[in-house]
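# Coordinates in review
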Amino acid sequence: MQISLFYRKQSPEYHSIEKIFDTVCDNFSDEISFKKIYTKHKSKGLINRLLICFNARKNQSEINHITGDIHFIAPFLKKEQTILTIHDIGIIKSGFFIKRFIIKLFWFAIPFKKVKFVTVISDFTKSEILNNFKINSEKIIVIPNCIPDIYKYSEKSFDTEKPTILQIGTKKNKNLERLIEAISDINCKLIIIGKLSQTQNALLSKNNINFKVFFNISDEKLLKLYQNADIISFISTYEGFGMPVIEANAVGRLVITSDIEPMKSIAKNSALFVNPYNIKEIKSGIENLINNSDLRNKLINNGLNNAKKYSAKEIAAKYETLYKSLIKND
């Protein structure tokens, strides 16, 4: 069975989609033969995007799988042999009306009609699609993200005197600003993954936060930061899935996350949930993790069990089952 996996142009800044599907590929059975098709052009401007589409058409296989971001190539591929993966639809919720309309049409509405199946990474994303687009629910298959194979349990004594908090992401939805205010009078060290804005830098200085920033780091370095952390902060206001939750679970680290979907379904009983808009509640949650050893032990044990559901082998098997269904229907 030959699969063409279509990826956006390689970039050191954006690689989460690639990391997920590379892990899936590493766990396919011998029945699957695949090739990775990276776009040669950035997804900017009409001409670049047309070139991306024409190149995709030339590189089709027995099954075509659009892994995300470049959804607009779908009309150039054979419908009955094509799967599209949607990670979230947050992009249609901001920006000018005309831009939102174009993205909604060419990245979602038209591609939905031009593929056999749409896979989504959470029930939350499926629900959002059904609420915003006309599409048969049976066409949407939920297949979660998987944990990279390198994420294994690593023992660490919790530092109650000065815990290290790892914050994943700096974009608006990652909610860094509220976290900064929440920990302003907590003795801790903050490690941040992502580029800081001038406003974020100023807020860190104003609140006298002891922090370090990392950007464009390797997977191995990110894993090391997980291992050295005491608490993983993922109090986002919007996500399609929430990879840091299950990555932290697998390593055996505490997670504080938002009491909204999809994090509630992904984490279940393996994280401490807080209102991401309530600074006092975020602060209280972190203090609870620092002071309550029974809670810490419970969450870590629950997390290790939760992580098992997102093993790469299990997720790869789900994709294989879907691929085989296309062959049978052909």
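Above: the structure in question.
Model, not experiment: these values are computed from the prediction. (Residues numbered from 1 in each chain as written. Predicted model: local features only at pLDDT ≥ 70, side-chain atom pairs only at ≥ 80, totals over all residues. Heavy atoms only, no water.)

Strand order in the open sheet formed by six strands is β9-β8-β7-β10-β11-β12, and the pairing between neighbours is parallel. Of all the strands in the sheet, just β9 (211-214) and β12 (272-274) have a single pairing partner and so form its edges. Within the sheet, the average angular offset between the axes of one strand and its neighbour, ignoring direction, is 20°. Lying on the sheet, helix α7 (residues 219-228) is in contact with β7 (164-168), β8 (189-193), β9 and β10 (231-234); it crosses β7 at an angle near 140°. Sitting on the sheet, helix α10 (residues 279-291) touches β7, β10, β11 (254-258) and β12, and the angle it makes with β12 is about 165°. (Pairing = 2+ DSSP bridges. Helix = DSSP H or I, 4+ residues; strand = E, 2+ residues; numbered from the N terminus. Axes fitted to C-alpha atoms, helices over the stretch in contact; angles between N-to-C directions. Contact = heavy atoms within 4.5 Å.)

Size it by volume and the second largest pocket reaches roughly 240 Å³. Taken together, 13 residues make up the lining of the second largest pocket; nearest its centre are Leu-46, Arg-49, Cys-53, Phe-72 and Phe-106. Of all the elements in the fold, those that place two or more residues in the lining of the second largest pocket are α2 (46-58) and α3 (97-113). Among the elements that take part in the lining of the second largest pocket, α3 stands out by supplying five residues, more than any other. When grouped by side-chain class, the residues that make up the lining of the second largest pocket number eleven nonpolar, one polar and one charged. (1 Å grid on protein atoms, 1.4 Å probe; cavity = no way out; pocket = protein on both sides within 12 Å on 5 of 7 lines; lining within 4 Å. Points joined across faces, edges and corners; volume = space filled by probe spheres on them. Nonpolar A, V, L, I, M, F, W, Y, C, P; charged D, E, K, R; others polar.)

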